[in-house]
Amino acid sequence: MNNPKPKYYLTTPIYYANSRPHVGSAYTTIVCDVIARYKRMCGFDVAYLTGTDEHGVNIERAAEKLGISPADLVDRNQQIFRDLWKLLGISYTDFVRTTEPRHAVAVQNLVRRTQRVSPDAIFKRKYEGRYCIYDNLYVSDTPEPADCQICGRPAELISEENYFFRLSAYQEKLLQLYKDQPDFVQPDFRLNEVKSFVESGLKDLSISRKTIKWGIPWPGDPEHVFYVWYDALTSYMSGIGFVDGEKKDSDRFKRFWPADVHMIGKEIIRFHAVYWPAFLMAAFPDKKSSDYMPGRIQAHGWLLFEQEKMSKSKGNVAYAEPIVKALGNDALRYYLLREVVFGQDGNFSKDALITRYNADLANGLGNLASRVLAMVQQNLDGVVPVLDSVPDPGLMGFGDEVSTSPVLVRAKYEKFDFAGALSDIWNLVARVDLFLAERRPWVQPNNENEKKSRGVILYNALQALYLITPMAHPVIPDATQKIWEQLGQPGKLADVRIDQLQWGGLKPGTRIGKPEGVFPRADKKETLERIEAMENEIRNTGSTQPAAPSADSAPTAPIIAAIGAVAAPVTPAKIGIEDFAKVELRAGIVKSAERIQGADKLLKLLVDIGDEVRQVLAGIALSYAPEDLVGRKVVIVTNLAPRKMRGLESNGMLLAASVGPDGKPVLCTFAEDVPAGAKVK
Ligand code: MSP
């Protein structure tokens, strides 16, 4: 049977499966989840696709370093992505892995189709140039050394025969597309960047690689594998059932394709706004643009950590799991959407996250809901009052003010102005708080009239909560569902139509549920410590799930001795002596040691390593008193990248054995005399 609802198809980029997700990668997925939930509440039938990008030299090398096969590496990591999406309450409907056979068939068929219907679009020639393996970007078409424009790392030399896509032939067609679909790239300033790039002239693009094995074989020429971006972009089709662009395509593909929005980070805009539409034009020259062209490429900014893009290879990442475990799923979702102005870069700070959590969620919405519901329980027998007289004009004014809000909030959601929508909703929370402070329904009534008036006040507060809860639902799904139930509403809040919300929708006579706090207040110091301890566990051991190191293996271990580390569940791969030689170990003598305010487990040490004195933060405060450490000989890793903790820089790592079930740190030392700075090998 045909679904009468309008369709909406939304995608995240598919994530490189070379390492585990961090808060930056979770950001794109959370944003899409908010849109998907919002659209469903507007009556759309939503397909929401995410997945993992599992091919390429990046993955091949990461696996090699771990001593496992690329297939094992991606199997392991894609599961970590899925687990995190579950933890974050991501309501995706489809998940695609580029190593799935259905995807390989789709990629091969798309190119076969292109060769058939646009015979000039693909040709073979020799390629010589520089390629970045981390971003899979052809950096320059000449052999001279060059750095990647995205990550800044030196690009590798490639010299081989490749299949090429004749991108140069699509310059005018692309410019026409941007004219015909003025919203094709959003925000507008990104469209301008894309247009300038295309206007400056397009070079043909290599879409196969010969020296790599870990990829999808080129049809009829299996010495070649597909360029990972041709492979990855096609996942937006294979993930919902594209097979050949003909009869074999699934009904789901026919219903949902093309995508309404491809959500992406700003650094991958060229692939989506230039290459992808050109690949599609070449594959479907016989079709109307509206039958195959995505509606919009929506670029968001980056989450920054101390002003730099959060990225595993830089070692400046925060992980989502510890935050969710400490404060709940809603806390992270709310913070990211409220704090980052969508489209721009935004800073990530755990400190600010906890502050927002306490101010807006615990003291704000959570406190309002539990106060109102408790008063209704205590004074109105837990029942929404039936008003038997027209409320006084002041109260009616309040209702009018509140009931206009959903329209304004929806307009902001539509524009993807999430921070704006949340700010409006929380202004409303503050408005209800003020209303209660003015009307004081907690004061015991002296007579029947005052009693009625209290009923009217609580009725108004309840109606306001009844509107606020669904409006906040796309962003904080867990707590709002609980408040909804406490308001005595049956069923899933997700099924409520956000575009049909009405003042007075909470029916008089409704019995409300038991009020229960949804956001317990968090002690900042203690919460930060819990989060950091869990983060360290992830960094030290890959957590309970083995995580792969980043492709370039920049040492990202925390520069503290292992605290509470659990045993790694896999035996580490054997390494060659040349790998061990990369680690510089030296003997050091502790010159001073002190506690760090607000961090129970950390000590700040100054360690003499011969030619200099290093500041090192070590997570050993529960095992060692600072005064016992002065004069101690220790072993220190001296060539780890510096790292900041609690605003202090740590510039080295002490070696310690991890003893017993709690992983108690026991410092490595020397039985004989050694000078500070002596090499340990
Ligand atoms: N595999 C490609 C995408 C192929 S889509 C056909 C890729 N993967 S990625 O894992 O590197 O990035 C996936 C998404 O995560 C991108 O949208 C990227 O912008 C986002 N983020 C990764 N780090 C981020 C931040 N620090 N901040 C915000 N988003 C970040 O590119």
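Before reading further, recall that the structure is shown in the block above.
Residues numbered from 1 in each chain as written. Predicted model: local features only at pLDDT ≥ 70, side-chain atom pairs only at ≥ 80, totals over all residues. Heavy atoms only, no water.

Trainee: Could you give an account of the pairing of strand 21 (residues 633-637), naming the residues involved and the relevant values?
Mentor: For a regular strand, side-chain orientation follows a simple rule: the groups alternate between the two sheet faces. Most of strand 21 is tucked away: four of the five residues are buried. Direction of pairing for strand 18 (residues 585-596) relative to strand 21: antiparallel, over a ladder of five bridges. Its bridge partner lying in strand 21, Leu 585 is registered against Val 637. Taken together, the two bridges between strand 21 and strand 24 (residues 653-654) define a ladder with antiparallel strand orientation. Counted as the bridge partner of Val 637 is Met 653 from strand 24. (Buried < 20%, exposed > 50% of the residue type's maximum accessible area, 1.4 Å probe, protein only. Helix = DSSP H or I, 4+ residues; strand = E, 2+ residues; numbered from the N terminus. Pairing = 2+ DSSP bridges.)

Trainee: How would you summarise unusual backbone geometry if you had to cite specific residues and measurements?
Mentor: In this chain, Gln 186 is followed by Pro 187 through a cis amide linkage whose omega measures -5 degrees. Tracing the sequence through the fold places Pro 187 in the loop between strand 8 (185-186) and helix 6 (188-199). Cis rather than trans, the peptide bond between Trp 257 and Pro 258 has omega equal to 0 degrees. Within the fold, Pro 258 resides in the loop between helix 9 (251-256) and strand 13 (261-265). Here the phi dihedral of Asp 381 falls at roughly 55 degrees; this positive angle occurs in a residue that is not glycine. If you trace the backbone, Asp 381 turns up in the loop between helix 14 (350-380) and helix 15 (393-403). Overall, the relative accessible area of 60% leaves Asp 381 in the exposed class. Phi angles above zero are rare outside glycine, and Phe 416 is one such case at about 60 degrees.

Trainee: So what's going on with the nonpolar core? Which residues, and what values?
Mentor: Formed by 104 residues in total, the largest nonpolar core has its most connected members in Leu 332, Leu 336, Leu 337, Phe 348 and Trp 426. Look past the residues within four positions of Leu 337 in its chain and what remains in contact with it is Tyr 27, Ile 30, Val 31, Val 34, Phe 418, Ala 419, Leu 422 and Val 475. (Core = buried A, V, L, I, M, F, W, Y, C linked by side-chain atoms within 4.5 Å. Contact = heavy atoms within 4.5 Å.)

Trainee: For the sheet that holds strand 5 (residues 122-132), give the residues involved together with the corresponding values.
Mentor: Taken in spatial order, the four strands make up an open sheet running 6-5-7-9, and their pairing is antiparallel. Looking at the sheet topology across the chains shown, the edges are occupied by strand 6 (137-140) and strand 9 (205-206). Where strand 5 meets strand 7 (residues 156-165), ten bridges bridge the pair, whose relative direction is antiparallel. When the bridges of strand 7 are listed, Lys 124 appears paired with Tyr 163. Against the sheet, helix 10 (residues 269-283) engages strand 6, strand 7 and strand 9, with an angle of about 35 degrees to strand 7. (Axes fitted to C-alpha atoms, helices over the stretch in contact; angles between N-to-C directions.)

Trainee: Describe in detail empty space enclosed by the protein, supporting the description with residues and values.
Mentor: Taking a probe equal in size to a water molecule and rolling it over the atoms shows the remaining empty space. The full count for this structure, using the stated rule, is one cavity of 30 Å³ or more. Lining the largest cavity are 13 residues, and of these Gly 56, Arg 209, Ile 212, Phe 226 and Val 228 lie nearest its centre. A breakdown of the residues in the lining of the largest cavity according to their chemical character gives eight nonpolar, four polar and one charged. (1 Å grid on protein atoms, 1.4 Å probe; cavity = no way out; pocket = protein on both sides within 12 Å on 5 of 7 lines; lining within 4 Å. Points joined across faces, edges and corners; volume = space filled by probe spheres on them. Nonpolar A, V, L, I, M, F, W, Y, C, P; charged D, E, K, R; others polar.)

Trainee: So what about the site of the ligand? Which residues, and what values?
Mentor: Taken together, 23 residues lie near the ligand, and Ile 14, Asp 53, Gly 265, Glu 267 and Leu 303 sit nearest. Between the ligand and Gly 265, the relevant distance is 2.8 Å, taken from an oxygen atom to a main-chain nitrogen or oxygen of the residue. Interatomic distance of 2.9 Å between a side-chain N/O atom of Glu 267 and an oxygen atom of the ligand. When the free accessible area of the ligand is taken as 660 Å², the share hidden by the protein chains comes to 94%. Elements represented by at least two residues in the shell around the ligand include exactly strand 2 (15-16), helix 1 (23-41), helix 7 (228-233) and strand 13. In terms of residues, the shell around the ligand owes the most to one element, helix 7, which gives three residues. Split into classes, the residues belonging to the shell around the ligand amount to 13 nonpolar, seven polar and three charged. (Near = heavy atom within 4 Å. Polar contact = N/O pair within 3.5 Å; in protein donor to acceptor, adjacent residues only side chain to side chain. Areas by Shrake-Rupley, 256 points an atom, 1.4 Å probe, with all protein chains shown as cover.)

Trainee: Which residues make up the side chain of Thr 638, and what values go with them?
Mentor: Within the secondary structure, Thr 638 sits in the loop between strand 21 and strand 22 (643-645). Overall, the relative accessible area of 5% leaves Thr 638 in the buried class. Not counting residues within four places of it along the chain, the set of residues in contact with Thr 638 comprises Glu 584, Arg 586, Ile 609 and Arg 614.

Trainee: Break down the packing of helix 3 (residues 70-87) against helix 12 (residues 320-327) for me, with residues and values.
Mentor: Running from N to C, helix 3 and helix 12 cross one another at 30 degrees; their axes reach a closest spacing of 11 Å. Judged on the interaxial angle alone, helix 12 and helix 3 are roughly parallel. For the pair helix 3 and helix 12, the crossing hand works out as left-handed. Residue-level contacts link Ile 80, Leu 84 and Leu 87 of helix 3 to Ala 320, Glu 321 and Val 324 of helix 12. Taken together, the residues that form the contact of helix 3 with helix 12 break down as five nonpolar, no polar and one charged. (Parallel < 35°, antiparallel > 145°, perpendicular 65-115°, else oblique. Left-handed = near helix turned anticlockwise from the far one by under 90°.)

Trainee: Which residues make up the environment of Phe 123, and what values go with them?
Mentor: Tracing the chain through its elements places Phe 123 in strand 5. A relative accessible area of 18% places Phe 123 in the buried class. Each C-alpha atom, one on Phe 123 and one on Asn 162, is 8.4 Å from the other, the two residues being 39 residues apart in sequence. Aside from chain neighbours lying at most four places away, what touches Phe 123 is Asn 162, Tyr 163, Phe 164, Phe 165, Arg 166 and Asp 204.

Trainee: Pulling in residues and values, what's your account of the sheet that holds strand 10 (residues 208-209)?
Mentor: Adjacent strands of a sheet form backbone hydrogen bonds with each other and so pair up, either parallel or antiparallel. Judged by pairing direction, the sheet is antiparallel, and its three strands sit side by side in the order 10-12-11 without closing on themselves. Both edges of this open sheet fall to strand 10 and strand 11 (217-218), since each of them pairs with a single strand only. In terms of strand pairing, strand 11 meets strand 12 (residues 221-226) through two bridges, oriented antiparallel. If you follow Pro 217 over to strand 12, its bridge partner there is Val 225.

Trainee: Any chance you could break down the side chain of His 473 for me, citing the residues and the numbers?
Mentor: Residue placement: His 473 occurs in the loop between helix 18 (448-472) and helix 19 (477-486). Judged by relative accessible area, which is 3%, His 473 ranks as buried. Once residues lying within four places of it in the same chain are set aside, the contact partners of His 473 are Arg 37, Met 41, Thr 480, Gln 481, Leu 493 and Ala 494.

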